[in-house]
Amino acid sequence: MKVSIISVLATTVLSTASAQCLLQSDANTLATNFGKLVSNYSEALANKTLAPDFIDYSESVNTLIDNGGDTPVPLLSQTFSSRAAFEKASAAQPSVPFAVKNVWFNCNTITVRWESDQSPKPVIGISVMQTRFVLNLQNPVLFQIAEVWGEFDSGAWLTNLGILKQASKKQRREIAFEA
Ligand SMILES: *[C@@H]1O[C@H](CO)[C@@H](O)[C@H](O)[C@H]1NC(C)=O
Ligand SMILES: *[C@@H]1O[C@H](CO)[C@@H](O)[C@H](O)[C@H]1NC(C)=O
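If you check an unreviewed UniProt entry, the chain appears there as NTF2-like domain-containing protein from Recurvomyces mirabilis.

Rendered as structure tokens:
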């Protein structure tokens, strides 16, 4: 009986991934590719990296969208309710530096500590990414990111955008006095 290469391959992939748990290499690849979507967005990579029902929560991003205020996006609301919404925002955003500093992972969740080396202030962030096993041999790894919970120094980021200014010495004295 002839056994097709594809079925052998699929069986091998299924059995080696039978626990369906992330490996270090999967976690590193997804962390790097998530960074690329922030620093150098491409729709092809988004399609491979993000689950079709991708969602993202980040008060820090909400604060950036709100220019430091609290509208139009309520601070605690979901940031992106679909992959399309994330893609639209990422594609519109100017490229920013993004370097992965640490990657920790368990069976289905990756935690990334990253640095965006902006000027004048560096921005450090932590993103927790819940992943899902997806058997698609066309993708870089057999998992996609389904949900992101990420926070970062949005104060520094707003300063870099020229939106947030450091309080003057007088203002700081008044704040200290009121407190
Ligand atoms: C950005 O991504 C494109 C592919 O989408 C690639 O050709 C290019 O080299 C990347 N640029 C940087 C700075 O990584
Ligand atoms: C990405 O996926 C969308 C929807 O599934 C599709 O319409 C689009 O052509 C894909 N883009 C690329 C570059 O593969």
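Draft legend 1. Examining the packing of aromatic side chains more closely. Under the criterion given, the structure shown has eight aromatic pairs. Aromatic side chains F133 and F143 sit 5.5 Å apart centroid to centroid with 80° between the ring planes, which places their arrangement in the edge-to-face category. Of the two residues, F133 sits in strand β4 (residues 123–133) while F143 sits in strand β5 (residues 143–152), which places them 10 residues apart along the sequence. On the basis of relative accessible area, F133 is assigned to the buried category, the value being 18%. For F143, a relative accessible area of 4% corresponds to the buried category. Between F152 and W157, the ring centres sit 5.2 Å apart and the planes meet at 45°, which makes this aromatic pair tilted. Comparing F152 with W157, the two get one shared label, buried. The structure contains a cluster of three or more aromatic residues connected by ring pairs, namely F34, F54, F80 and F86.

Draft legend 2. Region of the structure containing the state of the cysteines. Inspection of every chain in the model, using the stated rule, returns one disulfide. Shown here is the disulfide that connects C21 with C107, its sulfur atoms set 2.0 Å apart. With the S-S bond torsion at -90°, the cross-link from C21 to C107 turns out left-handed. Of the two residues, C21 is situated in the loop between α1 (5–16) and α2 (24–39) and C107 in the loop between β2 (99–105) and β3 (109–116); the sequence distance between them amounts to 86 residues. Here C21 falls in the partly exposed class, since its relative accessible area comes to 33%.

Criteria and cut-off values
- Residues numbered from 1 in each chain as written.
- Chains lettered and ligands numbered in written order.
- Predicted model: local features only at pLDDT ≥ 70, side-chain atom pairs only at ≥ 80, totals over all residues.
- Heavy atoms only, no water.
- Phe/Tyr/Trp six-rings, centres within 6.5 Å; stacked < 30°, edge-to-face > 60°.
- Helix = DSSP H or I, 4+ residues; strand = E, 2+ residues; numbered from the N terminus.
- Buried < 20%, exposed > 50% of the residue type's maximum accessible area, 1.4 Å probe, protein only.
- Disulfide = S-S within 2.5 Å.

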